[in-house]
Amino acid sequence: MLVAVSSLTVLGAVLGVLLGFASRRFHVEGNPVVAEVEALMPGSNCGQCGFPGCAGAAAAIAGGEAPATCCPPGGKALAQSIAARLGLDIDLSAVADAGPQLAVVTEDICIGCCRCIKACPTDAILGGAKQIHAVLHEACTGCGNCVERCPTEAIGLKPVPLTLQHWVWPNPARA
Amino acid sequence: MGFLDKIFRPLTRSEPWGVHPDERKRPASETPIRRLPPPPLLYLPLSQHVGAAAEPIVRIGQKVLKGECVATAKGNISAPVHAPTSGEIVAIGPITAPHPSRLEMMAITLRSDMEDRWAPLEGLADPLARAPEELARRVAEAGIVGLGGATFPASVKLGLGHRSRIRTLILNGSECEPYLSCDDRLMRERAGGVIRGAVLMRHATGAREVRIGIEDNKPEAIAAMRAAVDGHADVQVCVVPARYPMGSDRQLIIELTGIEVPAESRAADVGVLVHNVGTAFAIHQAIDLGRPLVSRLMTLNGEALAQPGNYEVLVGTLVEDLLAFAGGVRGEPARLVMGGPMMGLLLPSAKVPVVKGCSGILALSATEVARDEPGPCIRCGSCTRACPVGLLPLEMNARIANAALDAAVALGLHDCIGCGCCAWVCPSRIPLVQAFNHAKGELAAHERDKKRTDATRRMAEARSERLEREAREKAEAAARRAAERKAQKAREAAESAASNSEGAPA
Ligand code: SF4
Ligand code: SF4
Ligand code: SF4
Ligand code: SF4
């Protein structure tokens with residue numbers, strides 16, 4: 001009994017030290033480019049890009065597996081700053097096509113279940129149990145996470161209406 | 001380069017900037033101002049100024065008198081809206097905006113009762129003895145905005161005077177855009193009111209002198225203003241050469257004071273303030289008579305119009321009603337423009353209201369708007385010579401065509417005043433200004449996107465912090481409960497032990 005206990009203890013201790021040493025010795029730095037791109041991202045981990053969060057998206061962009069335009073909440077500005085960082089050429093028209101969206105609660109169907117609140121990465125939804133919920137437009141990135149959670153399909157995405165303040169002159173045709 | 005630049009800079013500067021487009025001010029400029037009767041319906045946009053939209057304070061069905069406030073200013077940079085005639089509020093909702101985008105804007109609809117009855121008005125007695133702030137407040141309450149077209153709330157600009165020590169107040173009477181003559185008519189027919197406004201503004205800003213810049217193609221206006229100035233030693237009428245865009249703030253400041261406003265700063269930073277002559281007249285009306293801004297002078301012009309002329313128009317009148325009053329149009333106008341032909345806005349239809357910043361409506365015929373298809377740039381350099389700011393329009397356009405907006409900014413895109421001289425002279429008919437407007441809009445949109453991304457990041461961080469905190473609090477609460485239970489148990493055990501020992505037979 002004593003032999004078994006002591007030999008296993010010794011074995012554990014030796015292997016532990018070895019492992020600890022190895023982890024220091026063979027430590028791999030996180031890719032600094034990925035970290036830099038990730039720092040540019042909105043950080044809401046909303047998943048609109050199709051990756052499991054901003055870190056995943058950053059890695060894919062840095063690795064050339066995803067376009068710099070893949071993050072809808074970041075919009076053109078983000079795509080440009082990533083492209084500038086990585087020295088990429090990008091097609092900005094791809095970003096404009098999608099157009100920003102906002103979540104809207106249809107008030108007479110909302111049962112106040114609070115499931116959408118838990119799904120929102122930016123805490124954009126307000127409301128308590130058994131109360132009609134509402135979306136703060138300033139905070140919503142239009143990721144759609146809440147839409148899937150709603151049991152009564154009360155929450156949906158609507159395109160953000162274009163206003164005079166946001167309208168941009170079209171680029172003229174040139175010869 | 002820098003050295004040579006220093007030597008040649010004065011030479012290149014004295015080279016005439018700008019252009020001389022066909023004036024086409026006559027015959028409209030020779031007809032006296034006519035007053036338009038109130039139309040049956042008026043549409044009052046809540047956003048007729050730079051800054052936050054006004055907030056309606058009337059209900060549907062409410063009766064209002066002429067000059068009554070129907071929407072109040074919201075925030076520091078904003079302006080209220082007043083009923084231009086007496087009548088009943090019939091709707092508050094979106095209407096098509098007088099803007100090329102065809103988008104909608106919020107507006108109050110007023111049905112005129114055709115009586116045009118003023119609300120009781122009260123002018124300010126002896127305003128020159130009052131505090132400047134009081135005058136500025138009156139101007140703010142009257143909803144006066146820059147009537148030259150910039151529509152910046154006039155009171156905010158007056159307030160700048162005291163914060164940044166204004167030395168010279170400039171009144172802009174140059175009216176350099178072709179076709180327009182409403183400022184010309186105003187100075188000819190109501191010179192006394194304009195000068196009175198200038199004196200009030202001088203008091204409100206604390207400026208030492210007032211200079212009124214008028215182009216040399218308006219001799220009657222110059223004579224009328226000179227006659228009205230008589231007796232005001234510190235108000236001076238200055239004649240400037242007729243050249244487009246003389247009415248741009250920066251150009252007029254150089255012409256009248258010799259000061260060049262640095263690219264990144266405002267005129268107030270160099271001790272100068274520029275206001276339009278129409279604004280001065282509106283300020284006189286607001287302070288001396290207590291009248292809010294409910295009407296303004298507008299030029300109706302263009303070959304498609306039967307009777308071109310200058311009209312005093314109630315703000316909110318439909319362009320359609322306006323054209324009908326001015327004798328109607330001959331055939332279908334090829335283009336309707338709000339403002340001048342160089343910087344005005346193309347109107348989506350005649351079913352839009354005129355707003356405070358509208359200096360004219362042009363109904364242009366097909367021959368007037370004929371313009372060849374754009375061709376390639378032949379690098380003639382005409383645009384560079386014409387640009388009043390000294391930019392390189394051809395280079396900026398080439399950058400924007402390649403979506404290299406940052407490169408265009410490096411070439412000075414933000415200094416472009418959108419005057420249109422470059423496009424006007426371009427022999428290849430390249431729509432240069434539209435390219436610059438497009439680029440400015442895109443850059444502003446990027447700026448908004450960036451702010452939004454930052455805000456999202458902050459909110460996501462706040463959320464993860466909240467989740468962590470909640471988890472921690474839960475864990476702490478659980479630990480506390482466990483500890484309490486333990487203590488309770490221990491107490492119970494101790495008590496039962498004690499009772500056991502008590503209960504034990506002695
Ligand atoms: S779409 Fe953008 S914000 Fe959302 S997870 Fe992907 S990178 Fe992050
Ligand atoms: S409200 Fe819905 S769509 Fe908007 S950010 Fe939250 S989860 Fe995404
Ligand atoms: S004026 Fe027109 S053609 Fe001439 S250089 Fe400028 S853009 Fe080119
Ligand atoms: S570049 Fe801008 S400021 Fe220069 S002429 Fe063209 S529109 Fe006017």
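This one's a predicted model, so the numbers in the text were calculated from it and none came from an experiment.

So what exactly am I meant to see when it comes to the overall build of chain B here?
Helix and strand counts for chain B come out as 15 helices and 17 strands. Here chain B has a C-alpha radius of gyration of 31 Å; the compact-globule value for 506 residues is 23 Å, and the former is much larger. Counting only C-alpha atoms and orienting by the principal axes, one finds that chain B spans roughly 130 × 65 × 50 Å. Across the 506 residues of chain B, 50% fall into the buried class. Only carbon and sulfur atoms are counted for the fraction: they give 53% of the accessible area of chain B, which is about 23,700 Å². Positive and negative side-chain charges of chain B, numbering 63 and 59 respectively, have mean locations separated by a distance of 2 Å.

How should I be thinking about the nonpolar core in this particular structure?
Buried together is how nonpolar side chains tend to be arranged in soluble globular proteins. All names here are of chain B. Grouped together as the largest cluster of nonpolar side chains are 47 residues, with contacts concentrated most on Ile144, Leu171, Val194, Ile212, Met225 and Ile283. Looking at this core element by element, the count peaks at eight residues for helix H5 (residues 191-205). If sequence neighbours within four positions are ignored, Ile144 has contacts with Val139, Pro153, Ala154, Ser155, Thr279, Ala282, Ile283, Ala286 and Leu293.

I'm lost on the site of ligand 3 in this one. Help?
Taken together, Cys377, Ile378, Arg379, Cys380, Gly381, Ser382, Cys383, Leu394, Cys426, Pro427, Ser428 and Ile430 of chain B form the complete shell of residues around ligand 3. When its residues are assigned to classes, the shell around ligand 3 shows eight nonpolar, three polar and one charged.

Please explain the site of ligand 1 as it appears in this structure.
Around ligand 1, the structure places 14 residues, and the nearest of them are Cys46, Gly47, Cys49, Cys54 and Cys71 of chain A. Considering only residue class, the shell around ligand 1 consists of nine nonpolar, five polar and no charged.

What is the right way to read the interface of chain B and chain A from this model?
Many analyses report the size of an interface as the accessible area lost when the parts associate. In this assembly, 34 residues from chain B lie in contact with 38 residues from chain A. At the junction of chain B with chain A, the criterion picks out 14 residue pairs in polar contact (both at pLDDT 80 or more). For the side of chain B that touches chain A, the secondary structure elements donating two or more residues are strand E8 (104-112), helix H12 (393-401) and helix H15 (432-503) of chain B. The element that contributes the greatest number of residues to the side of chain B that touches chain A is H15 of chain B, accounting for 18 residues. Residues of the side of chain B that touches chain A, tallied by class, amount to 13 nonpolar, 12 polar and nine charged.

Got a minute to help me understand helix H2 (residues 132-141) of chain B in this structure?
Residues lying three or four places apart along an α-helix face the same way, a consequence of the helix completing one turn every 3.6 residues. If you check which residues of H2 of chain B are buried, you get Pro132, Leu135, Ala136, Arg138 and Val139 of chain B. End-on, the buried residues of H2 of chain B take up no more than an arc of 160 degrees, which puts them together on one face.

What exactly am I supposed to notice about the packing of aromatic side chains here?
The description of an aromatic ring pair rests on the distance of the ring centres and on the angle between the ring planes. Residues and elements named next belong to chain B. Considering all chains together, one arrives at two aromatic pairs over all chains under this definition. Here the aromatic rings of Tyr311 and Phe325 are separated by 6.0 Å at their centres, their planes lie at 80 degrees, and the arrangement is edge-to-face. Here Tyr311, found in strand E14 (residues 309-314), pairs with Phe325, found in helix H9 (residues 319-325); they are 14 residues apart in sequence, far enough to count as distant. Among the residues examined, Phe325 registers a relative accessible area of 34% and is labelled partly exposed.

Explanation requested: the environment of Pro40 of chain B in the structure shown.
Residue and element names in this part refer to chain B. Structurally, Pro40 can be placed in the loop between strand E1 (34-35) and strand E2 (41-45). Sequence separation between Pro40 and Lys66 is 26 residues, and the spatial gap between their C-alpha atoms is 14 Å. The contacts of Pro40, once residues within four sequence positions are left out, are Leu110, Arg111, Ser112, Met114 and Asp321.

Please clarify how the environment of Asp372 of chain B should be interpreted in this entry.
Residues and elements named next belong to chain B. Its location among the elements puts Asp372 in the loop between helix H10 (366-369) and helix H11 (382-386). Among the residues examined, Asp372 registers a relative accessible area of 59% and is labelled exposed. C-alpha of Asp372 to C-alpha of Ser428: the two residues are 56 residues apart in sequence and 8.3 Å apart in space.

How should a nonpolar patch on the surface be read in this particular structure?
Residue and element names in this part refer to chain A. Together, Leu8, Val10, Leu11, Val14, Leu15 and Leu18 make up a nonpolar patch on the protein surface, roughly 580 Å² of accessible area in all. Looking at the secondary structure, you find Leu15 in helix H1 (residues 2-25). The exposure class of Leu15 is partly exposed, given its relative accessible area of 46%.

Looking at this structure, how should I read the pairing of strand E12 (residues 272-276) of chain B?
Along any regular strand the residues' side chains alternate between the sheet's two faces. All names here are of chain B. Counted residue by residue, E12 has five buried out of five residues, so it is predominantly covered. Side chains Val272, Val274 and Asn276 of E12 all project onto a buried face; the interleaved residues Leu273 and His275 project onto the opposite face, where all are buried too. Bridge analysis of strand E9 (residues 168-173) against E12 gives five bridges, and the strand direction is parallel. Bridge pairing links Asn172 to Asn276 in E12.

Just checking my understanding: could you explain the side chain of Asp184 of chain B for this structure?
Residues and elements named next belong to chain B. Tracing the sequence through the fold places Asp184 in helix H4 (residues 182-189). A relative accessible area of 4% means that Asp184 is categorised as buried. Not counting the four nearest positions on each side in its chain, Asp184 is found in contact with Ser29, Glu175, Lys218 and Ala221.

Would you mind going over the pattern of salt bridges with me for this structure?
A pair can form between side chains of opposite charge whenever their charged atoms are brought close. Residue and element names in this part refer to chain B. A complete count under the given rule lists 29 salt bridges over all chains for this structure. Its salt-bridge partner being Glu470, residue Arg466 comes within 3.0 Å of it at the nearest N-O pair. A residue pair is termed a helical-turn pair when its members lie 3 or 4 positions apart in one helix, as Arg466 and Glu470 do in helix H15 at four residues. For Arg466, a relative accessible area of 22% gives the class partly exposed. One network of salt bridges, with partners in common, ties together Arg26, Glu30, Asp184, Arg188 and Glu220.

About the cut-offs
Residues numbered from 1 in each chain as written. Chains lettered and ligands numbered in written order. Predicted model: local features only at pLDDT ≥ 70, side-chain atom pairs only at ≥ 80, totals over all residues. Heavy atoms only, no water. Helix = DSSP H or I, 4+ residues; strand = E, 2+ residues; numbered from the N terminus. Rg over C-alpha atoms; globule rule 2.2 N^0.38 Å. Buried < 20%, exposed > 50% of the residue type's maximum accessible area, 1.4 Å probe, protein only. Areas by Shrake-Rupley, 256 points an atom, 1.4 Å probe, with all protein chains shown as cover. Lys, Arg positive; Asp, Glu negative; His and termini not counted. Charge placed at Lys NZ, Arg CZ, Asp CG, Glu CD. Core = buried A, V, L, I, M, F, W, Y, C linked by side-chain atoms within 4.5 Å. Contact = heavy atoms within 4.5 Å. Near = heavy atom within 4 Å. Nonpolar A, V, L, I, M, F, W, Y, C, P; charged D, E, K, R; others polar. Polar contact = N/O pair within 3.5 Å; in protein donor to acceptor, adjacent residues only side chain to side chain. Arc of directions from axis to C-beta. Phe/Tyr/Trp six-rings, centres within 6.5 Å; stacked < 30°, edge-to-face > 60°. Patch = residues over 30% accessible without salt bridge, like charges linked within 9 Å, V, L, I, M, F, W, Y side chains within 5 Å. Salt bridge = Lys/Arg side-chain N within 4 Å of Asp/Glu carboxyl O. Pairing = 2+ DSSP bridges.

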